[in-house]
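Structural overview
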Amino acid sequence: MPIRLSIPLVALALVLIVGFAAGRRESTGDPTVIKVVSSLPRSGSARPQTDQIVNGIKLAFKEIGYRIELTDPVTQQKTPYRIDYFDLDDATAAAGQFTIEQEIANANQARMDPDVMAYIGTYNSGAAKVSMPILNRANLLMVSPANTAERLTKPDTNNRERHEPGCYRPSGVVNYCRVVPTDDLQSELSALWIRDLGCKKIYILDDNQTYGQGISNNVESFAKKYGFEVLGHQSIDSKSLEFSSMMTTIKGLKPDLIYFGGTTQSKAGQLFKDMVKVGMTCPMMGPDGCFEQVMADSASPDVFEKAKFYATFGGLPIDALKTLGGRGGEFIRGYKEEYGKDPLEAYSSYGYECGLVVIEALRQAGKKDRDAIRVAALTKIKNFVGATGTWSFDEQGDTTNQTMSGNEVAVTTNDKGERTAAYKFVKLLKK
Amino acid sequence: MADAVKKPFRLGWEPALFLMLIAFPFLPIFESLFFTTTQRSLGDQMPTVFIFAILALGLNVVVGYTGILHLGIAAFFAIGAYTAGILTTAAYSFELPFYVALIVGPILAALLGLLLGAPTLRLRGDYLALVTLGFGEVTKSALTNLQSITAGTQGLGPVPPPALPGLDLDWASDYRPFYFLTLGILIAVVLLLRNIESSRLGRAWVALREDELAANCMGLNTAKLKLAAFALGSGLAGLAGVLYATRLTSTSEPNAYDFNRSIFMICCLILGGLGNRLGVLLGVFILVGFDNILCPIIDAQIQQAFPASGGKIYLQFTGWRLFVFGLALILMMRFRPEGIIPSCRMKHELHPNELVPVTVPGDRA
Amino acid sequence: MPALLTVDKLRSGYGPIDVLHDISMTVDAGEIVAMIGANGAGKTTTLMTIAGIVKARAGTITFDGQNLSGAPAHKIVRLGMGQSPEGRKIFPRLTVLENLEMGAFTRTDKPGIADDLEKMFAMFPILRERKGQAGGLLSGGQQQMLAIARALMSRPKLLLLDEPSLGLAPQIVVQIFDVIRDLNKSGMSVLLVEQNARMALRIAHRAYVLETGRVTFTDQASVVLNDPRIRAAYLGE
Amino acid sequence: MLLAVEPALWNSLTQYLINGLTFGALIALIALGYTMVYGIVELINFAHGDLFMLGSFASLSLLALLGFGGLGFTATMTDASSFVIAGVLIGCAILSVLFCAGLNFAVEYTVYRPLRNAPKLAPLVSAIGVSFIFMNAGLFWGGPQDVNFPDLISNDNLLGKDAAIRITYKDVLIIAVTVPLMLALTIFVKVTRLGKAMRATAQNPTAASLMGIDTNFVISATFVIGGALAGAASLIYAVSMNTISYQMGFQNGLYAFTAAVLGGIGRIPGAVLGGLIIGLVRSFGSAFVGEMWVNALVFGILIIILIFRPTGLLGTPVREKV
């Protein structure tokens, strides 16, 4: 009888033989390429904003032709590199927004690829919390165009999560910086604006998420400081379909303004519509997460005529950028040339700014070395002339830029009688 | 089968697969080949596969062994993850080692399974499916809203890596410690299930699956049997949860434990082969691979080939994910409902044309 | 004159297994034909295949001059074949009246239906008493009557009856067989499947004996009734 | 005793009731599709909610075509007369009803029919697959974010501008469409020939075909009617809520499915009752427990009700198939 070997046994033997025969091979990377990755929610509802960010990043690299020559500060040796930019997605279509799992996968991918020298991201502060420690251990520079949660860089003295922000920096060094101002500034300026609008009683809602909750808690505490009353504060379920009963309750309290700490993705539009639907005419205010065209598109123009929607934004909108000096005007011209239209979302300037920061850090470091680049970004970017003005990174990686704008959704009628809603710059917010 | 006597040189697929998996980290050629072609680390993905395999095996105990359609397995997965979060993170004063969570997590999840199962397992199939679905939603809601306990959508973190006395392993950047930890636990789970399957309890489950009434008449306590399966499945899901949170170094957010996760796991079972351990592993490998490896690779390729394609969701491969999943499910059900690697039993059940049916088709008296 | 129903070399079954092997039989107009056999001999399968519920694998079925091969069940009913199936299969949540109306589903002549309803109530007075009740709440005997009445509502040329006496009290069985005989006298052909061979053979004209999916014996009912082998095997003597 | 409640609270309670009933009526309309299909083929049609979602996108696309804003358009006509709007609404209704009915028929024909005699798990899993495909189609159609549906109907209070209780044309529309539809459906199933054939097929398909009923046709018809109801619901939902998104099918479908089971799946009055209960729980729960707990509340109540009434509120205990 012939011996019949079992297939599994053959498979096992094959795997082992191939494995041992081939021996060990480590991937070392490509010495002529510097890779830059970004990790942003590319599928799901934040897509329009991240498109703008990615366009901004690409524009920054495009301007230098995706090539850079680095001069080693010690040896003065010049090495040309090609810049490869990878646009990673930290969201899944199924979830509709970033998932922690996906963000971790992206961070690990960047960490393990020896050619990756900078990581642009994240969009959501919640995502940054998981990728920061991973990239920190890898000594990889991380530049965020959109994270505003303060705890990523600033300790909270009266919170049980006392390990923040240390837990995001397990190796002890700072590798994370961001080009947007943090929520504490934004919420204080929001509170000031609310006071200036003459509102005595406000109602606060939040979307039950890291960013929204943080900022609305801050607004609540600043409310006391600036002497107006908070009638109530509750969280919503951002997957909910309608809020008319909740708005009926709030209507009964007769607030002068409703503050919503959240984003367009966490139902700012629906809340505003339901507010008007139950017959309220008081204004609503939201943070920069609501400052996007999608918000103005989320309701019919009539709704914005019945009540006002305000949004604060860390930095100036596109049309005000030109007035700031810096490279704002240059950026707008370049963007229009490249993409054939004006940058719609203000985030595009932050994307561009991140690209500039990475380029500057590479130049300052002068070599393809993660640690040198990280150090360069955090110590050499001072009085930097960028698209959003002239600013510096402090030692925690926060921008010193403190310009913020107050905006409202305004309805305009064109000559055909069609009405459109869009954000309009109202005033500059300052402490 | 006829040749019941085992020939000494024969090796089953299951041990062969696990031997290959054990050998994998010692043969870096595969890892580096994979990395150079895909920019993704296979070894880094494997612990995820192992963890989901444990979860899928837990779900398989309920769906595959007893025939209850369980649509809320993610809730028990979450219980495990959050138990790990509460017991080990610095946010609480416990700060216990990983191994305590590894024991407490499954026990808590199993208890919760009992708590949910005891009053509801007498419900008819579809109603029971909805109860499990509802429980999943309630759990997710509770995790989101009980912020003082779960930190809401931020999730609890960072979960410290498992510490082994006397061994200083690099859990963060080397995939191998986690690889062996999760693979070891997976093998233990597979051995446990293997033993249970051939035990009295396992045979009773089969009887229950095939015909509840008959099982009842044979003197089997069907309520207790179902409850046991429910508890075991929930416990395994809890075990997977503990590992998941430890692997991610965070409990992740409550949305990671939503209905989609439960359905994803069901898809793994269906694709691989319901009731078959090897099939379940294959199903998990294919779907996790699709999501975590294939989608990003193809997207990167598309992006490089067509830089102008940004903005159009249908030009992204990830945009088609649901479509691919959906089509795969439909085609599987139509042409191979027993899965890629079917268990003999399911094959018989799902191909009624090849076997004598119990009743006339369509009869529902 | 050709037979009303001709079954020729019929093969049928479930899954990989054939239950019927080359069954051939006929039912002439005005005849009661009984089919007897042990449990599992294929009696119900034969009826289900004739009615189109189970697909035939080979052979032909001709009914009233039409070839039924591959025709769906609901079309066969329209040709004039009514069936009171095994286990009665009453619609449990429809009322008795609605059950009967469902029997007349293929018909559109309202006065004729009303007329037939009256006939059914005259034939089974208990059904008139219970006409507003849900079918599922009737007793077994009442359900059997309802099933036969329901099958008759389509005014079939051929009535297929599957185990009309199963599980019923002897008195009711007698009553039901009387009805069958009366129906036949008024011109209806009947194909009767029965465990209670003695009763069936008494009212039938001809009979077929089925064993493991094959017709093993066929003759006039009186001959079958007196055949010693049949008496031994099916009549308990 | 109720009179002792102060008027402001009384007004809010009435308002919650109105909100709850209108939302509940919408859910009930979707739930009818679930319950009819379940009643006849014992299939939980997971794709039903997503069919509803696609229906609303069909309406939106028609509106965009007619220049009423919609996908990619934010401009709205300022002075369309009410006749024009009524015409547009009727056009949308016809389109969405035909679209959903046709789509549901196509899915039944291609996906579920070949699995008619397969074990129950097969069509159920296929339904999940169809749901995924629909969701993906919705994602391509409407994009990932919430989409505004033009405000075609006035939002003014019918009881006067400053009245304490608000009833709008939208609320009236919901009730004016859903209640007659539900009544018509109940009567249809009770009286008509097809309705009776549906009930017979639901109770015993074999017996039904022995009565001369073409069960395949009846099942297709049920899917068509269920789809048409989803189409009607989708337009009314979109017109009154003004927000649609590719994910809304999932959430609404989940509610509707819950409503159907809560009332006793397979029972038309049960679906209506279940829908209203969910609407009211959402409305009062939002006011008295907190908006963020609403989902937990709905499903918590579902579990509790099923523990005490294992076949739903109006479901009759049916013997398990033996």
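Predicted, not measured: the structure shown is a model, and the values here were computed from it.

**Concerning the overall build of chain C**
Of regular secondary structure, chain C possesses ten helices and ten strands. Taken against the 2.2 N^0.38 rule, which gives 18 Å for 237 residues, the C-alpha radius of gyration of chain C at 17 Å falls within 12% of a compact globule. For chain C, buried positions account for 54% of its 237 residues. Of all intrachain contacts in chain C linking residues separated by at least 6 positions in sequence, the fraction that spans at least 24 positions is 67%. Carbon and sulfur atoms form 52% of the exposed surface of chain C, whose accessible area is close to 9,800 Å². When the 27 basic and 23 acidic side-chain charges of chain C are each reduced to a single mean position, those positions are 3 Å apart.

**Here we look at the packing of helix α1 (residues 13–23) of chain B against helix α13 (residues 277–305) of chain B**
Residues and elements named next belong to chain B. Remark: α1 packs on α13, axes separated minimally by 10 Å, with the N-to-C direction vectors making an angle of 40°. When the interaxial angle is binned, α1 and α13 end up oblique. For the pair α1 and α13, the crossing hand works out as left-handed. Within the contact between the two elements, α1 uses Trp13, Glu14, Leu17 and Phe18 and α13 uses Arg277, Leu278 and Leu281.

**Things to note about the sheet that holds strand β11 (residues 309–313) of chain A**
Paired through backbone hydrogen bonds, the strands of a sheet run either parallel or antiparallel to each other. All names here are of chain A. Pairing is mixed in the open sheet, where seven strands are placed in the order β8-β7-β9-β10-β11-β14-β15. Each edge of the sheet is formed by a strand with only one pairing partner; in this case those strands are β8 (229–235) and β15 (419–429). The average undirected angle you get between the axes of adjacent strands in this sheet is 25°. Pairing of strand β14 (residues 404–413) with β15 involves ten bridges; the strand directions are antiparallel. Each residue of the ladder has a partner; that of Ser405, found in β15, is Leu428. Sitting on the sheet, helix α5 (residues 183–196) is in contact with β7 (201–206), β9 (257–261), β10 (284–286), β11, β14 and β15, with an inclination near 145° to β11.

**Overview of the pairing of β9(A)**
Residues in a regular strand project their side chains so that they alternate between the two faces of the sheet. Residue and element names in this part refer to chain A. Taking burial as the measure, the five residues of β9 include five buried ones, the bulk of the element. Alternating positions in β9 separate into two faces, Leu257, Tyr259 and Gly261 on one and Ile258 and Phe260 on the other, with burial throughout. Looking at chain direction, β7 and β9 are connected through five bridges and run parallel. Bridge pairing in β9 places Ile202 opposite Leu257. Bridging between β9 and β10 involves two bridges; their strand directions are parallel. Bridge pairing links Tyr259 to Met285 in β10. Regarding the hand of the β-α-β motif, the stretch spanning β9, helix α8 (residues 268–277) and β10 is right-handed.

**Points about empty space enclosed by the protein**
Tallied over the full model, the rule gives eight cavities of 30 Å³ or more. There is about 150 Å³ of room inside the largest cavity. As for the largest cavity, its lining consists of 16 residues, of which B:Phe259, D:Phe46, D:Asp50, D:Ser131 and D:Phe250 are closest to the centre. For the lining of the largest cavity, the secondary structure elements donating two or more residues are α12 (259–272) of chain B together with α2 (48–65), α4 (121–142) and α9 (248–263) of chain D. For the lining of the largest cavity, the element with the highest residue contribution is α9(D), accounting for five residues. Of the residues in the lining of the largest cavity, the class split is ten nonpolar, five polar and one charged.

**Regarding the arrangement of the chains**
Of all five pairs of chains in contact, the one with the most contacts involves chains B and D. Nothing in chain A touches chain C; the tightest C-alpha to C-alpha distance between them is still 30 Å.

**Some details on a nonpolar patch on the surface**
Residue and element names in this part refer to chain B. Taken together, Ile103, Ile107, Leu108, Leu111 and Leu114 make up a surface patch of nonpolar side chains, about 440 Å² in accessible area. Looking at the secondary structure, you find Leu114 in helix α5 (residues 98–120). Looking at Leu114, the relative accessible area reads 32%, which means it is partly exposed.

**Thoughts on the pattern of salt bridges**
Residues and elements named next belong to chain A. For the structure on display, the rule yields 35 salt bridges over all chains. As a salt-bridge pair, Arg178 and Asp398 come within 2.8 Å of each other at their nearest N and O atoms. In this pair, Arg178 sits in strand β6 (residues 176–178) while Asp398 sits in the loop between β13 (389–391) and β14, placing the two residues 220 residues apart along the sequence. Grouping residues by exposure puts Arg178 and Asp398 together as buried.

**Describing the environment of D:Leu21**
Locating D:Leu21 in the fold gives a position in helix α1 (residues 7–41). The class for D:Leu21 is partly exposed, based on a relative accessible area of 32%.

**A look at the interface of chain D and chain B**
Listed as interface residues are 57 residues of chain D and, on the opposing side, 48 residues of chain B. Summed over the three residues of chain D that lose the most area to chain B, namely D:Phe132, D:Ile133 and D:Phe140, the buried surface amounts to 13% of that side. The tally of links between chain D and chain B comes to zero salt bridges. Seen at the junction of chain D and chain B, the total is six residue pairs in polar contact (both at pLDDT 80 or more). Looking at the side of chain D that touches chain B, the elements with two or more residues in it are α1, α4, α6 (193–203), α7 (205–210), α9 and α11 (294–308) of chain D.

**Structural notes on unusual backbone geometry**
Residue A:Thr122 is reached from A:Gly121 by a cis peptide bond, and omega for that bond is 5°. Here A:Thr122 lies in the loop between β4 (116–120) and α4 (125–137). A positive phi angle, near 50°, is found at A:Lys254, a position not held by glycine. By the element assignment, A:Lys254 lies in the loop between α7 (244–253) and β9. Judged by relative accessible area, A:Lys254 falls into the exposed class, the value being 60%. For B:Ser252, which is not glycine, the phi torsion reads 65° and is therefore positive.

Criteria and cut-off values
- Residue positions are counted from 1 within each chain, in the order its sequence is given.
- The order in which chains are written sets their letters, starting at A; the order in which ligands are written sets their numbers, starting at 1.
- The predicted nature of this model means local features are confined to residues of pLDDT at least 70 and side-chain atom pairs, given and counted, to a pLDDT of 80 or more, with totals for whole chains, interfaces and linings taken over all residues.
- Water and hydrogen atoms play no part in the side-chain values, which are based on all heavy atoms of the structure.
- Strands here are runs of E lasting at least two residues and helices are runs of H or I lasting at least four, both read from the DSSP assignment and numbered beginning at the N terminus.
- What the globule rule says is 2.2 Å times the number of residues to the power 0.38, and the radius of gyration is computed from C-alpha atoms.
- Here's how the labels work: a residue is buried when its accessible area is under 20% of the maximum for its type, exposed when over 50%, partly exposed in between, all with a 1.4 Å probe on protein chains only.
- Contact criterion: two residues are considered in contact whenever any of their non-hydrogen atoms come within 4.5 Å of each other.
- Here the accessible surface of atoms and residues is derived via Shrake-Rupley with a 1.4 Å probe, and residues count as covered only by protein chains that are part of the display.
- Asp and Glu are treated as the negative residues and Lys and Arg as the positive ones, with His and the ends of the chain left uncounted.
- To locate a charge, take atom NZ for lysine, CZ for arginine, CG for aspartate or CD for glutamate.
- Here the axes come from fitting lines to C-alpha atoms, over the contacting stretch only for helices, and the angles between their N-to-C directions go from 0 to 180 degrees.
- We call two directions roughly parallel when the angle between them is under 35 degrees, roughly antiparallel when it is over 145, roughly perpendicular when it lies between 65 and 115, and oblique otherwise.
- Crossing chirality is assigned from the near helix's rotation relative to the far helix, an anticlockwise turn below a right angle marking it left-handed and a clockwise turn marking it right-handed.
- When DSSP locates at least two bridges between a pair of strands, those strands are taken to pair.
- A right-handed crossover is one whose linking path, passing over the helix from the first strand to the second, runs clockwise when the strands point away from the viewer.
- Think of a 1 Å grid over the protein atoms and nothing else: a 1.4 Å probe that fits but is trapped marks a cavity, an open set flanked by protein within 12 Å on at least five of seven lines marks a pocket, and residues with an atom within 4 Å of a point count as lining.
- Grid points are joined across faces, edges and corners, and a volume is the space filled by probe spheres set on the points.
- The classification used treats Ala, Val, Leu, Ile, Met, Phe, Trp, Tyr, Cys and Pro as nonpolar, Asp, Glu, Lys and Arg as charged, and all other residues, Gly among them, as polar.
- A patch is a set of surface residues, each over 30% in relative accessible area and not in a salt bridge, joined within 9 Å for like charges and within 5 Å for the nonpolar side chains Val, Leu, Ile, Met, Phe, Trp and Tyr.
- We count a salt bridge whenever a side-chain nitrogen from Lys or Arg sits within 4 Å of a carboxyl oxygen from Asp or Glu.
- Summed over both partners, the accessible surface that disappears when two parts come together, traced with a 1.4 Å probe, is what is meant by buried area.
- Think of a polar contact as two N or O atoms within 3.5 Å of one another; within protein, one of them needs to be a possible hydrogen donor and the other a possible acceptor, and neighboring residues in sequence only count if both atoms come from side chains.

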